[in-house]
Amino acid sequence: MLCRKLLGSSRCALRKGELILQNVRTAAHFTYLPQTPNPALGDTTKLNMFQSINNAMDIAMEKDSSTVLFGEDVAFGGVFRCSLGLQDKYGSSRVFNTPLTEQGIIGFGIGVAAAGTTAIAEIQFADYIFPGFDQLVNEAAKYRYRSGNEYNCGGLTVRAPWGAVGHGALYHSQSPEAFFAHCPGLKVVIPRGPTQAKGLLLSCIRDQNPCIFFEPKILYRIAAEEVPVSDYTIPLSQAEVLREGTDVTMIGWGTVVHVLLEVAQMAHDELGVSCEVIDLQTIMPYDSETIEKSVKKTGKAMVVHEAPLTQGFGAELAARLQEECFLHLEAPIQRVTGWDTPFPYIYEPFYLPDKWRCFDTVKKLVDYM
């Protein structure tokens, strides 16, 4: 009976009369490999991802006195502690809680950004950004255009924890980037680790267009590395080739990048296949030049994301690559994604594009014809 009750959160087994709990669902489905810091950026300190995000916002608020940070529970640090200590340092007029209303948070952010303030709005989970969808796509994205560039809310950055976390189920695991990539006027960015999170977030905050910054929440504490302490930015709309290869191009963003790096090594060791791994980083406007150049070299491509297959952002990339690289393709472009279902709780390990599904797709590509 006890074992049956515990199955809701863990796998359990009996061995020599002893109850053994094996917490498999909350275990990460990837291995995080820390990035080697760029010596040109100077001194480093070890930070996990939520600390690097905190550091980025600290720098932004210190350098620009107009910067304000607001959202549900941000005053005490937020549910993931990303804003920890910032109200103590900058005061309650610059770091403050809001009511539980995503539409109100984003609408307020548009207003203060239009008035000249640098606004950082936090949505507690990306799954709950949808009540603010109209504010983002019909107001923030179009504000500059509708006024003939007389007014804009380019100082707005909306942050939101994003993606699978191991136990989040249908309301705390979604990846909604494709909804917003379809809207001209918004920039959509997703980092893969602490170094990118800091540099890309500072770029979003300082960009003169409204940005949505999705943060892979499973990486908040798992991902830790030496992060430059300096004020640095990473250019938006610029993909990064993390591993060069000649046989297959693998494209991803956020958490799945680490899955792809592991798959690339597996393909090398077990198949003798050379895979090129690209972190897209900016979903919109994305870096088509880098991915097209890679696919023209390898002739084979796969796109991987956690969001459902149909109309996921991988469909846009596959269409673009088919249009621009058709004469170079040696196999159909593959997509490895979540399934066209609500995000499951117990069956999360079967929903995610893990290394085994990706590895099977590599074999399918290299064996084609």
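The model shown is predicted, which means the values in this text are computed figures rather than measured ones.

This part covers the packing of aromatic side chains. Throughout the structure, instances matching the rule amount to 14 aromatic pairs. With a centroid separation of 6.4 Å and an interplanar angle of 85°, the aromatic rings of Phe-125 and Tyr-128 are classed as edge-to-face. For Phe-125, a relative accessible area of 13% puts it in the buried group. On the basis of relative accessibility, which here comes to 30%, the residue Tyr-128 falls in the partly exposed class.

With omega at -10°, the peptide bond leading from Met-284 into Pro-285 counts as cis. Within the secondary structure layout, Pro-285 lies in the loop between β14 (282-284) and α11 (288-298). Phi at Asn-149 is positive, roughly 70°, even though this residue is not glycine. The phi dihedral of Ala-169 is positive, around 60°, even though this residue is not glycine.

What follows concerns the pairing of strand β4 (residues 68-71). Burial of the side chains of β4 extends over both faces: Val-68 and Phe-70 are buried on one face and Leu-69 and Gly-71 on the other. Strand direction decides the pairing type here: β4 and strand β6 (residues 119-122), joined by four bridges, are parallel. In the sheet register, Leu-69 faces β6, and the bridge partner there is Ile-120. With three bridges joining them, β4 and strand β5 (residues 95-97) adopt parallel strand pairing. The partner of Phe-70 across the bridge, within β5, is Phe-96.

About the cut-offs
Residues numbered from 1 in each chain as written. Predicted model: local features only at pLDDT ≥ 70, side-chain atom pairs only at ≥ 80, totals over all residues. Heavy atoms only, no water. Phe/Tyr/Trp six-rings, centres within 6.5 Å; stacked < 30°, edge-to-face > 60°. Buried < 20%, exposed > 50% of the residue type's maximum accessible area, 1.4 Å probe, protein only. Helix = DSSP H or I, 4+ residues; strand = E, 2+ residues; numbered from the N terminus. Pairing = 2+ DSSP bridges.

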